[in-house]
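Reading the structure
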Amino acid sequence: MDKAQQDALKKAAGIEAAKLITDGMIAGLGTGSTVRFLVDELGRRVKEEGLQFTGVTTSRRTQEQAEGYGIKIVDIDDVDHIDVTIDGADEVDKNFNGIKGGGAALLWEKIVATNSNQIVWIVDESKVVDTIGKFPLPVEVIPFGAGHVIKKFEAKGYKPVLRLDAEGKPVRTDENNYVVDLHLERIDHPQDLAEDLITTVGVVEHGLFLNMVDKVIVGDPNGPRVMTNGNK
Ligand code: 5RP
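Going by the annotation in an unreviewed UniProt entry, the name recorded for the protein chain is Ribose-5-phosphate isomerase A, with Bifidobacterium miconis given as the source organism. For the protein chain, the Pathway (unreviewed entry) comment in UniProt is given as "Carbohydrate degradation; pentose phosphate pathway; D-ribose 5-phosphate from D-ribulose 5-phosphate (non-oxidative stage): step 1/1."

Quick look at the structure:
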């Protein structure tokens with residue numbers, strides 16, 4: 001699949017997911033290229049259909065895009081609930097375990113997700129996998145002492161790589177932390193790994209989102225299809 005085909009599938013999933021947002025809702029808006037298509041569609045509906053909803057975003061990037069369309073964005077602490085959050089993902093398996101954070105927004109994404117009544121992911125079909133882990137697992141780490149955390153990950157065979165920007169400087173998250181990507185190739189015991197990562201001092205959050213998502217809208221060449229999680 002080339003990038004144009006992949007973008008077409010992402011766009012179709014984003015447009016389909018936008019239908020879930022109705023007047024008066026409080027919606028969580030994720031981060032990434034698939035979510036950009038979602039926000040474009042919501043912006044169109046705000047302008048052409050008079051859709052009115054309130055958004056909580058998982059990154060400053062998404063906030064800027066949404067506000068550019070006149071969508072009202074509020075701080076997560078200014079709402080008492082979020083009706084539905086629509087976000088992208090880097091990989092998802094049949095047990096609805098996924099990897100997120102390719103766009104370095106995993107921390108805010110997980111905070112928004114855990115405060116949402118419903119979580120929906122939008123992906124192109126290439127993201128649906130048998131076993132997660134081929135996509136490097138992002139881990140958000142406090143800069144102070146990050147070198148020691150990386151050494152601990154190396155000793156455990158996690159193959160950590162500090163994420164750098166185009167200028168060779170460490171990527172900073174919206175919370176000013178670093179991202180360390182673990183090149184694991186496959187994750188057979190995601191719960192154990194999640195426990196190990198979150199109990200490592202210096203780790204703020206990891207990109208394993210295990211059985212959190214309610215529904216995945218998959219951009220498929222035959223049209224968007226929905227995977228529903230019956231085990232949540
Ligand atoms: C950002 C994320 C994104 O949702 C994930 O990386 C998918 O991105 P894209 O839609 O660009 O493929 O987790 O932190």
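1. Remarks on the packing of helix 1 (residues 3–18) against helix 2 (residues 33–49)
Running from amino to carboxyl end, helix 1 crosses helix 2 at an angle of 45°, the nearest separation of the two axes being 8 Å. Classified by the interaxial angle, the pair formed by helix 1 and helix 2 is oblique. As helix 1 runs across helix 2, the sense of the crossing is right-handed. Facing Asp-7, Lys-10, Lys-11, Gly-14, Ile-15, Ala-17 and Ala-18 of helix 1, the residues of helix 2 in contact are Ser-33, Thr-34, Phe-37, Leu-38, Glu-41, Leu-42 and Arg-45.

2. Focus on the site of the ligand
Around the ligand, the surrounding shell holds 18 residues, and the nearest of these are Ser-33, Thr-34, Asp-90, Gly-101 and Lys-127. Here an oxygen atom of the ligand sits 2.5 Å away from a polar atom, N or O, in the side chain of Thr-34. With respect to the ligand, the side chain of Asp-90 contributes an N or O atom lying 2.6 Å from an oxygen atom. Relative to its unbound accessible area of 380 Å², the ligand is 92% covered by the protein chains. Among the elements of the structure, helix 2 and helix 4 (106–114) are those that each provide at least two residues to the shell around the ligand. Of the residues belonging to the shell around the ligand, the class tally is 4 nonpolar, 8 polar and 6 charged.

3. Brief notes about the UniProt feature "active site" (unreviewed entry) in the protein chain
When the UniProt feature table is mapped onto this chain numbering, "active site" (unreviewed entry) sits at Glu-109. Topologically, Glu-109 is positioned in helix 4. Relative accessible area serves as the criterion here: at 4%, Glu-109 is assigned to the buried category. Dropping the residues within four chain positions of it, Glu-109 is found in contact with Thr-31, Thr-58, Asp-87, Lys-100, Gly-101 and Phe-209.

4. A look at the sheet that holds strand 11 (residues 203–206)
Pairing is antiparallel across the open sheet formed by 4 strands, whose spatial order is 9-10-8-11. Across the chains shown, the open sheet's two edge strands, defined by having one partner strand only, are strand 9 (160–162) and strand 11. Neighbour-to-neighbour, the strand axes of this sheet turn through a mean angle of 30°, independent of strand direction. Direction of pairing for strand 9 relative to strand 10 (residues 178–182): antiparallel, over a ladder of 3 bridges. Paired with Leu-162 across the strands is Val-180, a residue of strand 10. Relative to the sheet, helix 4 contacts strand 8 (137–141) and strand 11, its axis offset from that of strand 11 by approximately 65°.

5. Section: empty space enclosed by the protein
On inspection of all chains with the given rule, the structure shows 1 cavity of 30 Å³ or more. Of the pockets and cavities examined, the largest cavity occupies roughly 40 Å³. Taken together, Thr-58, Ala-104, Ala-105, Leu-107, Trp-108, Glu-140, Thr-173, Asp-174 and Glu-175 make up the full set of residues lining the largest cavity. Along the lines of polarity and charge, the residues of the lining of the largest cavity split into 4 nonpolar, 2 polar and 3 charged.

The rules behind these values
Residues numbered from 1 in each chain as written. Predicted model: local features only at pLDDT ≥ 70, side-chain atom pairs only at ≥ 80, totals over all residues. Heavy atoms only, no water. UniProt positions renumbered as here; feature names shortened; annotations may be inferred. Axes fitted to C-alpha atoms, helices over the stretch in contact; angles between N-to-C directions. Helix = DSSP H or I, 4+ residues; strand = E, 2+ residues; numbered from the N terminus. Parallel < 35°, antiparallel > 145°, perpendicular 65-115°, else oblique. Left-handed = near helix turned anticlockwise from the far one by under 90°. Contact = heavy atoms within 4.5 Å. Near = heavy atom within 4 Å. Polar contact = N/O pair within 3.5 Å; in protein donor to acceptor, adjacent residues only side chain to side chain. Areas by Shrake-Rupley, 256 points an atom, 1.4 Å probe, with all protein chains shown as cover. Nonpolar A, V, L, I, M, F, W, Y, C, P; charged D, E, K, R; others polar. Buried < 20%, exposed > 50% of the residue type's maximum accessible area, 1.4 Å probe, protein only. Pairing = 2+ DSSP bridges. 1 Å grid on protein atoms, 1.4 Å probe; cavity = no way out; pocket = protein on both sides within 12 Å on 5 of 7 lines; lining within 4 Å. Points joined across faces, edges and corners; volume = space filled by probe spheres on them.

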